[in-house]
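Working through the structure, step by step
Listed here are the chains, written in short residue letters.
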Amino acid sequence: MEKWRISRHIVKRSSTSLFKSLLSTNFEKSINTSGSTYKSGRNCNPYVEHYFQCQKRHFQTCCHPLRDYTGNLHASKATNLEHICRIQYKSFGSVATQIQRNPSFSTLNSDDVDHFKKILGEKNVIQDEDRLLTANVDWMGKYKGSSKLLLQPRSTEEVSQILKYCNTRCLAVVPQGGNTGLVGGSVPVFDEVIINVGSMNHIISFDEVSGILVCEAGCILENLDSFLVNHGFMMPLDLGAKGSCQIGGNVSTNAGGLHFVRYGSLHGNVLGLEAVLANGTVLDMLGTLRKDNTGYDLKQLFIGSEGSLGIATKVSILTSPKPSSKNLAFLACKDYLSCQKLLQEAKRKLGEILSAFEFLDSQSMELVLTHLEGVRNPLPPSIYEFYVLIETRGTDESYDKEKLEAFLLRSMEGGLIADGVVAQDINQASSFWRIREGLSEALVKAGAVYKYDLSLPIEKMYSIVEEMRLRLGQSEKVLGYGHLGDGNLHLNISRPNYDDSVLAKIEPFVYEWTSKHRGSISAEHGLGLMKANEIHYSKSPQTVQVMASIKKLLDPNGILNPYKVLPHNILYPEA
């Protein structure tokens with residue numbers, strides 16, 4: 001019966017019709033623009049605070065733009081603010097009480113505001129409480145700052161003037177784009193001045209021969225993709241937050257996304273950057289060459305630096321030709337070993353057309369079906385142990401369809417697939433992606449959630465999910481899903497409310513386990529505020545020391561996105 005069923009689905013419901021693969025799952029990550037600085041003005045003695053750790057993570061939006069969801073989230077009154085603060089404290093755990101404002105930073109005054117108005121004009125210096133509320137809180141309501149000022153520069157020169165002044169005054173700043181971050185990296189911790197580059201949203205040039213796009217950092221990812229589609233190209237990055245996240249933030253966090261297995265990292269796709277250092281110096285690295293081996297490749301320092309080394313203002317990126325053929329299969333597997341073997345076979349048999357390989361477990365499927373309106377099980381009535389989404393992209397509809405169907409039939413006959421269906425149109429494909437991309441939204445609706453973004457050897461990826469279930473017991477819901485194609489697990493613990501005793505069972509166990517298996521505690525979301533003091537689980541002391549040296553060199557006053565990315569006792573051992 002199972003063979004007949006999947007054969008029927010594959011053969012009768014398959015289609016070469018193009019579908020739009022909806023927003024990808026990882027927001028991956030925080031939306032700061034990069035940051036860097038040289039010393040200017042009086043010397044600050046930054047960071048008089050201890051280690052800090054928090055509890056927050058993953059993020060995605062599914063079908064609707066995150067901006068709308070975030071707007072609804074933040075349209076709250078003072079009572080809701082108090083609630084958010086309580087959530088933040090619980091999500092951080094007891095360690096949150098150790099975070100202290102760096103007394104070396106100056107406090108904003110009216111003269112500062114007047115100076116910024118001279119640079120930007122009245123309307124781009126925001127002090128309105130409602131607008132500040134939105135900018136001060138992350139989209140999940142877990143991280144909340146208390147900034148009194150939001151600046152909206154419109155050019156690189158304005159960013160330069162702002163940073164030069166802030167560095168002289170020792171005013172801490174937080175670069176911000178779409179504020180779609182997952183680790184507290186894109187919002188203030190205390191009263192840092194917010195510099196939002198969203199008004200810098202112009203496309204500067206596009207070369208239709210090479211596919212190289214040059215644009216400002218505030219361009220929304222989805223808008224860039226729409227522009228490119230009209231020219232027969234596409235962005236190599238696809239995120240669930242694409243309707244809100246900005247390219248500068250994507251670069252600053254080295255965002256991964258759904259199609260990483262096909263198009264790779266931004267470290268490879270970004271050809272050039274323009275960044276402003278903390279002393280206002282504009283660093284022009286905005287090259288458009290595929291090959292340039294002259295000296296150190298400094299732009300790589302800013303990719304993934306989470307706004308701690310400089311503010312990215314322009315980006316040059318290599319885009320990809322738009323595929324004319326897309327197919328999506330939603331499959332069920334009996335166990336995790338079958339998922340692994342299916343991935344191995346997909347890489348061998350689908351080869352150049354494989355563009356995504358995602359997985360989720362039964363607990364994840366049940367959560368989505370329970371908490372997301374309109375979502376249906378593509379393979380009723382059963383709930384299987386594991387589900388896999390395989391997407392292909394190519395240039396020949398007939399060839400791609402036949403290749404995918406042959407692969408699926410062989411995998412079914414070999415027992416790797418228990419059931420499955422291939423999307424026959426755009427709407428069906430969208431409904432499949434909605435399940436995978438809606439997981440973070442469903443987790444928020446379900447209550448409190450502890451989120452972890454881990455990179456692990458594929459054969460070990462699901463073991464930590466199983467061990468965490470044994471560790472926490474049956475009373476806690478432990479979910480595992482993510483980008484199986486590139487070894488990225490999103491581990492989530494869902495419960496009605498935050499509890500320090502539960503957090504104590506999760507951490508540091510989750511980091512120790514990951515380190516033991518030579519994994520990374522941040523696959524694509526960054527470190528931000530949440531894991532700044534946990535970096536040693538993934539990086540050697542010598543490596544972290546070099547990072548700290550670079551930070552001190554470029555930002556000796558420590559004004560750029562403070563309290564994040566690196567441990568403060570390493571940066572400033574005298575504190």
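Residues numbered from 1 in each chain as written. Predicted model: local features only at pLDDT ≥ 70, side-chain atom pairs only at ≥ 80, totals over all residues. Heavy atoms only, no water.

The protein is annotated in an unreviewed UniProt entry as D-2-hydroxyglutarate dehydrogenase, mitochondrial of Nelumbo nucifera.

Observations concerning the overall build of the protein
Helix and strand content of the protein: 21 helices and 18 strands. By the burial criterion, 61% of the 575 residues in the protein qualify as buried. Accessible surface computed for the protein: about 21400 Å², of which carbon and sulfur atoms make up 50%. (Helix = DSSP H or I, 4+ residues; strand = E, 2+ residues; numbered from the N terminus. Buried < 20%, exposed > 50% of the residue type's maximum accessible area, 1.4 Å probe, protein only. Areas by Shrake-Rupley, 256 points an atom, 1.4 Å probe, with all protein chains shown as cover.)

Topic: the packing of aromatic side chains
Applying the stated criterion to the full structure yields 17 aromatic pairs. Summarising the aromatic geometry, the rings of Phe-206 and Phe-233 are spaced 5.3 Å apart at their centres and angled 75° between planes, so their arrangement reads as edge-to-face. Of the two residues, Phe-206 sits in strand E5 (residues 203–207) while Phe-233 sits in strand E7 (residues 233–234), which places them 27 residues apart along the sequence. The residues Phe-206 and Phe-233 share a single accessibility class, namely buried. An aromatic cluster is defined as three or more aromatic residues linked by ring pairs; in this entry it consists of Phe-330, Tyr-384, Tyr-387 and Phe-432. (Phe/Tyr/Trp six-rings, centres within 6.5 Å; stacked < 30°, edge-to-face > 60°.)

As for the sheet that holds strand E10 (residues 311–318)
Read from one edge to the other, the open sheet built from five strands follows the order E5-E6-E10-E8-E9, with strand pairing classed as antiparallel. Of all strands in the sheet, those with a lone pairing partner are E5 and strand E9 (282–285), marking the two edges. Pairs of neighbouring strands in the sheet enclose a mean axial angle of 10°, with direction left out of account. As defined by bridge partners, strand E8 (residues 270–276) adjoins E9 across four bridges and the pair is classed as antiparallel. Considered in E9, the bridge of Glu-274 is made with Asp-284. (Pairing = 2+ DSSP bridges. Axes fitted to C-alpha atoms, helices over the stretch in contact; angles between N-to-C directions.)

Considerations on the sheet that holds strand E3 (residues 173–176)
Spatial strand order, E1-E2-E4-E3: four strands in an open sheet with mixed pairing. One side of each edge strand has no neighbouring strand; the edge strands of this open sheet are strand E1 (125–126) and E3. As paired strands, E1 and strand E2 (residues 150–151) are joined by two bridges and run antiparallel to one another. Bridging from a neighbouring strand, Ile-126 pairs with Leu-150 of E2.

Some words on helix H16 (residues 439–446)
Among all positions of H16, only Leu-439, Ser-440, Glu-441, Ala-442 and Leu-443 are buried. At the C-terminal side of H16, Gly-447 shows a positive phi close to 135°.

A word on the pairing of E5
Direction of pairing for E5 relative to strand E6 (residues 212–216): antiparallel, over a ladder of four bridges. For Phe-206, the partnering residue across the bridge sits in E6 and is Leu-213. Following E5, the chain reverses through four residues before pairing antiparallel with E6; Gly-211 in that reversal takes a positive phi of roughly 80°.

Side note on the pairing of strand E15 (residues 419–422)
Burial of E15 is two-sided: the residues Asp-419 and Val-421 facing one way and the residues Gly-420 and Val-422 facing the other way are all buried. Pairing between strand E12 (residues 325–333) and E15: four bridges, direction antiparallel. Counted as the bridge partner of Phe-330 is Val-421 from E15.

Re the packing of helix H12 (residues 336–349) against helix H14 (residues 397–413)
H14 packs onto H12 with a crossing angle of 145° between their chain directions and a minimal axis gap of 11 Å. Our pair here, H12 against H14, has a crossing hand that is right-handed. Across the interface between the two elements, Leu-342, Glu-345, Ala-346 and Lys-349 of H12 pack against Lys-403, Phe-407, Arg-410 and Ser-411 of H14. Here the contact of H12 with H14 is composed, by residue class, of three nonpolar, one polar and four charged. (Left-handed = near helix turned anticlockwise from the far one by under 90°. Contact = heavy atoms within 4.5 Å. Nonpolar A, V, L, I, M, F, W, Y, C, P; charged D, E, K, R; others polar.)

Side note on the nonpolar core
Core analysis: the biggest nonpolar cluster contains 120 residues, and Phe-116, Leu-342, Tyr-452 and Leu-491 have the highest contact counts within it. The next biggest cluster of nonpolar side chains, apart from the first, holds 29 residues, and it includes Phe-233, Leu-239, Ile-247 and Ala-275. (Core = buried A, V, L, I, M, F, W, Y, C linked by side-chain atoms within 4.5 Å.)

Quick notes on the environment of Leu-277
Relative to the elements of secondary structure, Leu-277 occurs in the loop between E8 and E9. The spacing of Leu-277 and Asn-167 is 110 residues in sequence and 9.7 Å in space, taken between C-alpha atoms.

Re a nonpolar patch on the surface
A contiguous nonpolar surface patch, about 350 Å² in accessible area, is contributed by Tyr-296, Leu-298 and Leu-301. Inspection of the secondary structure assignment puts Leu-301 in helix H11 (residues 299–302). (Patch = residues over 30% accessible without salt bridge, like charges linked within 9 Å, V, L, I, M, F, W, Y side chains within 5 Å. Salt bridge = Lys/Arg side-chain N within 4 Å of Asp/Glu carboxyl O.)

Let's talk about the packing of helix H4 (residues 110–120) against helix H6 (residues 156–169)
H6 packs onto H4 with a crossing angle of 160° between their chain directions and a minimal axis gap of 10 Å. Judged on the interaxial angle alone, H6 and H4 are roughly antiparallel. Here the hand of the crossing between H4 and H6 comes out right-handed. Across the interface between the two elements, Asp-111, Asp-112, His-115, Phe-116, Ile-119 and Leu-120 from H4 touch Glu-158, Gln-161, Ile-162, Tyr-165, Cys-166 and Arg-169 from H6. In terms of residue class, the contact of H4 with H6 is built from six nonpolar, two polar and four charged. (Parallel < 35°, antiparallel > 145°, perpendicular 65-115°, else oblique.)

Comments concerning the confidence of the model for the protein
In this model, the protein carries an average pLDDT of 85, and 82% of its residues clear a pLDDT of 70 or more. Throughout residues 1–97 the model reports pLDDT below 50, and contacts reaching past four residues in sequence, or to other chains, amount to 415 contacts. (pLDDT = per-residue confidence, 0-100.)

Here we look at empty space enclosed by the protein
Taken as a whole and assessed by the stated rule, the structure comprises three cavities of 30 Å³ or more. Taken as a whole, the largest cavity holds about 50 Å³ of empty space. Lining the largest cavity are Arg-101, Phe-105, Ser-106, Thr-107, Leu-108, Leu-171, Ala-172, Asp-191, Glu-192 and Val-193. Its residues assigned to classes, the lining of the largest cavity shows five nonpolar, two polar and three charged. (1 Å grid on protein atoms, 1.4 Å probe; cavity = no way out; pocket = protein on both sides within 12 Å on 5 of 7 lines; lining within 4 Å. Points joined across faces, edges and corners; volume = space filled by probe spheres on them.)

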